[in-house]
Amino acid sequence: MPTTTTREVTGPTPARPRRSLRAHSTLAFWLFTGPFLIGLLIFVYVPILWSAWLSFFEARFTVTPSEFVGFENYRTMLTDDEFMGSLVTFTVFAVIIVPTTWALSLALALAVNRLRFMRAFFRSVFFLPTAVSYVAASLIWKMSIFNGVRFGLANTVLGWLGADDTAWLASPDPPWYWLVIVTVRLWLQAGFYMILFLAALQNIPPELYEAAAIDGAKPGWQTFRHITLPQLRATSTAVVLLLLVAAYQAFDEFFNLLSKTTWGRPPLVELYYKALGDNQDYGAGSAGALILTLLICLVTLLQGRIMGFGRSEGAK
C-alpha cells in the first residue's frame, strides 16, 4: 500500500496572550495610585461633602448636628460684617499681589534667560525661597526685618536715613502691614512662577526673533511686546489663575503677622476664628467656607474666560 507522509506545516508562532501583562499593569497602577486616591478621598472629598452637609445645620461645639436650619447659616455669614470685611481684605490683597508677582517673576525669568553664564546658579537662588515654610518666613519678617523697634532691619535702615521708627504691624492707619505681607509673599512665591516663565521663554522658537530682526524690529520693548509677550499668553494665564487661587487661600502669613489684631484678616483667618473660636460655630464656618469656594470658582472661571484659557490660538 502506498504510504502517505504527513507534511509538517510550520508557521509563525501564535501571539502570546497579553491578559497577564494587562493584569500586572492594572495591579501596578492601583498599587501606586491607590494610597493617593484613598488619602484624597478621606482627607479632601469626604470633608468637603461633610462641610456642605454641615452648613445646613445648627452645629455649635459638635460636628454631628441634628437641627436643620436650611440657609440660615449662609444668611448669617453674608450679613456678618467681619466676614464680608475679610472678603474686601482679600480683594485688596489679590489686586496687589497678583500683578506684582506676575511682573516680578516675569522680570526675573527674562533676566535669568539672558545670562550667558551661571544661569543654573541664579535660577536656583531665586527658586530656593519656595522651599521655606510660610510660617518661618512670616516670623522672620515680623521679628527680624519689620520689627516695630529700632533693632529691626527696616527701622535700622530708616534710622540711617534720619527717619523715625515705624510700627509696621501695630495699626491699620497708615496700613504699613500691607508692605510686610506683600513682600514676604513675593519673596516666597516669585521664584516658583519664574521657573514657569523661564520654561516658556526657552520654548519660544529663535526663528521668530531672527525674522523680526530681518523685518526691522528693534530689540527691547518692541520685540518683547510683539513676540515674547504673545508667546507667553498661555503661561501668563496659568500663572494668573494660580496666583488668584493662592491669594484666596492666604492664611499663614496673615495669621502669624496679624494674629492679635481684628483688622486685616483674610477669609480663611476669619473662618478659623469663626469655627474654632469661643463659639465654635461649625455650621456657620462651613457655610462661609462654601461661599468662599464658590467665589474662588467664579473668579477663576471669569479670569480664565477673559484671558482665553483653553481657547485655541485660531479662535477669535
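Everything below is about the structure shown above.
Below or above, wherever it landed, is the structure these notes cover. For clarity, every value in this text was computed on a predicted model and none was experimentally measured.

## A closer look at the nonpolar core
Right, so step 1: Residues Phe-93 and Phe-254 are the most contacted members of the largest nonpolar core, which totals 55 residues.
Right, so step 2: Put simply, the parts of the chain that give this core at least two residues each are α2 (72–78), α3 (81–113), α5 (134–145), α7 (177–202), α10 (233–248), α11 (252–257), α12 (267–276) and α13 (282–307).
Right, so step 3: Broken down by element, the residue count for this core peaks at 15 residues, all from α7.

## Quick look at the packing of α3 against helix α4 (residues 119–127)
Right, so step 1: α4 packs onto α3 with a crossing angle of 160° between their chain directions and a minimal axis gap of 9 Å. Classed by the angle they form, the pair α3 and α4 counts as roughly antiparallel. Helix-helix and strand crossings are classified by hand; for α3 and α4 the assignment is right-handed. Contacts between α3 and α4 involve Leu-108, Val-112 and Asn-113 from the first element and Arg-119, Phe-122, Arg-123 and Phe-126 from the second.
Right, so step 2: Of the residues that constitute the contact of α3 with α4, the class distribution is 4 nonpolar, 1 polar and 2 charged.

## Side note on the side chain of Thr-223
Right, so step 1: Among the secondary structure elements, Thr-223 is positioned in helix α9 (residues 221–231).
Right, so step 2: If sequence neighbours within four positions are ignored, Thr-223 has contacts with Tyr-209, Lys-218 and Thr-228.

## Some remarks on the packing of aromatic side chains
Right, so step 1: Applying the stated criterion to the full structure yields 19 aromatic pairs.
Right, so step 2: Between Trp-102 and Phe-197 the ring centres are 6.2 Å apart and the planes differ by 85°, which places this aromatic pair in the edge-to-face class. On the criterion of sequence distance, the pair formed by Trp-102 in helix α3 and Phe-197 in helix α7 is long-range, its members being 95 residues apart.
Right, so step 3: Every member of this aromatic cluster is reached through a ring pair, and the members are Trp-50, Trp-53, Phe-57 and Phe-68.

## Re α10
Right, so step 1: For α10, built from 16 residues, the straight-helix expectation of 22 Å at 1.5 Å per residue is met to within 8% by its first-to-last C-alpha distance of 23 Å.
Right, so step 2: Turning to α10, its buried residues are Thr-235, Ser-236, Thr-237, Val-239, Val-240, Leu-241, Leu-243, Leu-244, Ala-247 and Tyr-248.

## As for a nonpolar patch on the surface
Right, so step 1: Residues Ile-38, Leu-41, Ile-42, Phe-43, Val-44, Tyr-45, Val-46 and Ile-48 make up a contiguous nonpolar surface patch of roughly 790 Å² in combined accessible area.
Right, so step 2: With respect to the secondary-structure elements, Leu-41 resides in helix α1 (residues 19–54).
Right, so step 3: Residue Leu-41 is classed as partly exposed on the basis of its relative accessible area, which comes to 48%.

## A closer look at the packing of α12 against α13
Right, so step 1: Their axes nearest at 8 Å, the elements α12 and α13 cross at an angle of 160°. With respect to α13, the element α12 is oriented roughly antiparallel. Note that α12 runs across α13; the crossing there is left-handed. On α13, the residues that touch Pro-267, Leu-268, Leu-271, Lys-274, Ala-275 and Leu-276 of α12 are Tyr-282, Ala-284, Gly-285, Gly-288, Ala-289 and Leu-292.
Right, so step 2: In terms of residue class, the contact of α12 with α13 is built from 9 nonpolar, 2 polar and 1 charged.

Definitions and limits used
Residues numbered from 1 in each chain as written. Predicted model: local features only at pLDDT ≥ 70, side-chain atom pairs only at ≥ 80, totals over all residues. Heavy atoms only, no water. Core = buried A, V, L, I, M, F, W, Y, C linked by side-chain atoms within 4.5 Å. Buried < 20%, exposed > 50% of the residue type's maximum accessible area, 1.4 Å probe, protein only. Helix = DSSP H or I, 4+ residues; strand = E, 2+ residues; numbered from the N terminus. Axes fitted to C-alpha atoms, helices over the stretch in contact; angles between N-to-C directions. Parallel < 35°, antiparallel > 145°, perpendicular 65-115°, else oblique. Left-handed = near helix turned anticlockwise from the far one by under 90°. Contact = heavy atoms within 4.5 Å. Nonpolar A, V, L, I, M, F, W, Y, C, P; charged D, E, K, R; others polar. Phe/Tyr/Trp six-rings, centres within 6.5 Å; stacked < 30°, edge-to-face > 60°. Expected span 1.5 Å × (residues − 1). Patch = residues over 30% accessible without salt bridge, like charges linked within 9 Å, V, L, I, M, F, W, Y side chains within 5 Å. Areas by Shrake-Rupley, 256 points an atom, 1.4 Å probe, with all protein chains shown as cover. Salt bridge = Lys/Arg side-chain N within 4 Å of Asp/Glu carboxyl O.

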